[in-house]
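# Residue-level structure breakdown
Residues per chain, in single letters:
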Amino acid sequence: MIHIPKAEYTRRRKALMAQMEPNSIAILPAAAVAIRNRDVEHVYRQDSDFQYLSGFPEPEAVIVLMPGRQHGEYVLFCRERNAERELWDGLRAGTEGAIRDFGADDAFPITDIDDILPGLIEGRDRVYSAMGSNAEFDRHVMEWINVIRSKAHLGAQPPNEFVALDHLLHDMRLYKSAAEVKVMREAARISCAAHVKAMQASRAGLYEFSLEAELDYEFRKGGAKMPAYGSIVAAGRNSCILHYQQNDAVLKDGDLVLIDAGCEIDCYASDITRTWPVSGRFSPEQKAIYEIVLASQEAAFAEIGPNKHWNQAHEATVRVITAGLVKLGLLQGDVDELIASEAYRAFYMHRAGHWLGMDVHDVGEYKVGGEWRVLEVGMALTVEPGIYISPDNQNVAKKWRGIGVRIEDDVVVTKQGCEILTGGVPKTVAEIEALMAAAR
Ligand code: GLY
Ligand code: MN
Ligand code: MN
C-alpha cells in the first residue's frame, strides 16, 4: 500500500512549529466517533488536520505542539491500552505506541488531559487552535485556560492570545509534497479503474446502484477504505441534479449516465466525473453537448500552470461553453455580452473546480489580498466543467431537455503546466464508445 511515510509527519510538525510565534502552543483534537444509530457507529475517519500532523488513526486523542519545549515538542494524548476494549474493538497504540510508532516525544492518557494540559499551556503566550470548528473542543480549551486563570493569584500566567490555526496549517496543506502526489496518483489510479469498470458494466435495465456497486468493488479491492464523498450515479434527468445521491433509478436505453465518484487512499481524495450513454452510443444531441464540455475542459487545462491565476481556468470554460451553446442555438446573442450577463449560468451554474487533497473540497484560500490566487507547483485541483439542461427548461427545444454532462479530472500544478492524475479513464466520444462496444 502506498502511504505517507512517517518522516513526512515529522517534517510537517516542524514546518508548522517554525511558523508559530515564539512561546506558543498548538492544540488539535482527533475526530470524534459519530453514531449512526443506537450503538452502531459510522466508519471512523480521522480529522484531516489531525491526520496531516500525526498520521495517528485513533479517536479520543489530542495533539499538542510546543515549539522549544525541552522535554519534547510533540505531546500526544491518546487512549491507553485496554485488553478488554481491544478484545472487542481492535488494537490501540497506547501511550507507548504513540511514542514508538507515531513519533510523539511524550504521550499521556487522554483521561489525564484535564490534569496535565493546563500545566503545559501555562506560561505560553499564545494558543493556536481551530477556533470555531468544534464548539465542544473550544469549550474544553477555555476550561483549561480558566484553570490557569483561577491560579493567577499564585503567579500562574494564562495565555493572552488565541490564534486560528487554520491559516498556517491550511496553507501548508495546499502545497502537495512528492509523497502526497504519489498517494493522490494511487487514489486516482484506483478511481480510474472503477470508472472503467462501471462503463463496461453499463446496461439498460440495471439500476444506478448497480454501477455504484462496481465502483465500490474496485475502490475496496484497491485498498481504499471508503469513497472520498458520496458517489453520484445519475442517469437520465437525474444528471441535471448536481449533488444527486439517491442512486436508485433504472438505467434506460437512450439516456446518459453521469458518475461523479472517487476513492480515498490514506486520507487523500480523488474526484472524477465521467458521463456516458447507458447503452454505449451517444445521440447527436448528447454528443453535441458532450463535445462542448470536453473542449471547455481542454481549454481549462491550458490555463493551469505556474503564474496563472485561479480563475483563468474557470474563465476559459465559461467562454468555450457560452460559445458552444450559442452555436447550438441554446443561447442567443453576442458571446461577450452573454458572458458579461452570466447567461451561461442557466446551463453551467458551478465553478470549474476546487482545491483537492485530504478533503475533496480541500482547504486553502482562493483569493489572497482580494486577488485570485496565483497557481504554484504542487497545488492540486479539479477541472470539472459541465452543461445541464433542465428537463423543465421550456426555452429550449424538447430534444435537449434532461441532458446533463460533466467531465471532471484531477490535476497537480507542475513547472511545465499541470499533470493530469486521472487520465486513465476514457474521455473522448470515440474512446468511450469503443470501450463500451468491446464490453458488450
Ligand atoms: N464530487 C463533488 C465535486 O465534484 O465537487
Ligand atoms: Mn469536484
Ligand atoms: Mn466530483
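Starting afresh in each chain, residues are numbered from 1 along the sequence in its written order. As they are written, the chains are lettered A onward and the ligands numbered 1 onward, keeping that order. With pLDDT at 70 or above as the cut-off, local features in this predicted model cover only qualifying residues; side-chain atom pairs require 80 or more to be listed or tallied, and sums for whole chains, interfaces and linings still use all residues. The basis for every side-chain value is the complete set of heavy atoms in the structure, and neither hydrogens nor water enter the calculation.

## Some details on the site of ligand 1
- Around ligand 1 sit Tyr229, Asp260, Asp271, His354, His361, Glu384 and Glu408, and those are all the residues in its vicinity.
- Here a polar contact is taken to be a pair of N or O atoms separated by no more than 3.5 Å, where protein atoms must pair a possible hydrogen donor with a possible acceptor and residues adjacent in sequence count only if both atoms sit in side chains. With respect to ligand 1, the side chain of histidine 361 contributes an N or O atom lying 2.7 Å from an oxygen atom.
- Contacts to ligand 1 include glutamate 408, whose side-chain N or O atom sits 3.2 Å from an oxygen atom.
- Compared with its free state, where it exposes 190 Å², ligand 1 has 91% of that area covered by protein. Only a single heavy atom is needed: when it lies within 4 Å of a molecule or strand, its residue is near that molecule or strand. A 1.4 Å probe and the Shrake-Rupley method give the accessible areas. Residues count as covered only by the protein chains that appear here.

## Details of the UniProt feature "domain: Aminopeptidase P N-terminal" (unreviewed entry) in the protein chain
- Taking the numbering used here, the UniProt-annotated feature "domain: Aminopeptidase P N-terminal" (unreviewed entry) corresponds to residues 4–138.
- We count a stretch as a helix when DSSP gives it H or I for four or more residues in a row; a strand needs E for two or more, and each element gets its number in order from the N terminus. Helix makes up 37% of residues 4–138 and strand makes up 21%, while its end C-alpha atoms are separated by 29 Å. UniProt positions are given in the numbering used here, feature names are shortened, and annotations may be inferred rather than shown by experiment.

## Considering the coordination of the manganese ion (ligand 2)
- Sodium, potassium and calcium take a 3.2 Å donor cutoff, other metals 2.8 Å, and in both cases only N, O and S atoms count; water is not among them, so sites may look incomplete. Taken together, the protein ligands of the manganese ion (ligand 2) are Asp271 (OD), His354 (NE2), Glu384 (OE) and Glu408 (OE), with distances of 2.0 to 2.2 Å.
- Key to geometry: four donors with every angle between 85 and 135 degrees are tetrahedral; four donors are square planar and six octahedral where opposite donors lie over 155 degrees apart and all remaining angles lie between 65 and 115; all other sites are irregular. For the manganese ion (ligand 2), the six donor atoms are set out with angles of 50 to 155 degrees between them, so the coordination reads as irregular.
- Taken in chain order, the donor set of the manganese ion (ligand 2) reads D-x82-H-x29-E-x23-E.
- In this structure, the manganese ion (ligand 2) lies 3.2 Å from the manganese ion (ligand 3), and both are coordinated by aspartate 271. With histidine 354 in the loop between α12 (335–340) and β15 (367–368) and glutamate 408 in the loop between β19 (404–406) and β20 (409–413), this residue pair connects regions lying 54 residues apart in the sequence. Both residues of the pair, histidine 354 and glutamate 408, belong to the buried class. Type-normalised accessible area, obtained with a 1.4 Å probe on protein chains alone, sets the label of each residue: buried when under 20%, exposed when over 50%, and partly exposed for intermediate values.

## What about a nonpolar patch on the surface?
- Patches in this entry comprise residues that are over 30% relatively accessible and not in a salt bridge; like charges within 9 Å are linked, as are nonpolar side chains (Val, Leu, Ile, Met, Phe, Trp, Tyr) within 5 Å. What makes a salt bridge here is a side-chain nitrogen of Lys or Arg within 4 Å of a carboxyl oxygen of Asp or Glu, nothing more. On the surface, Tyr207, Phe209 and Val250 cluster together into a nonpolar patch covering about 250 Å² of accessible area.
- Relative to the helices and strands, tyrosine 207 is located in the loop between α8 (178–201) and α9 (208–221).

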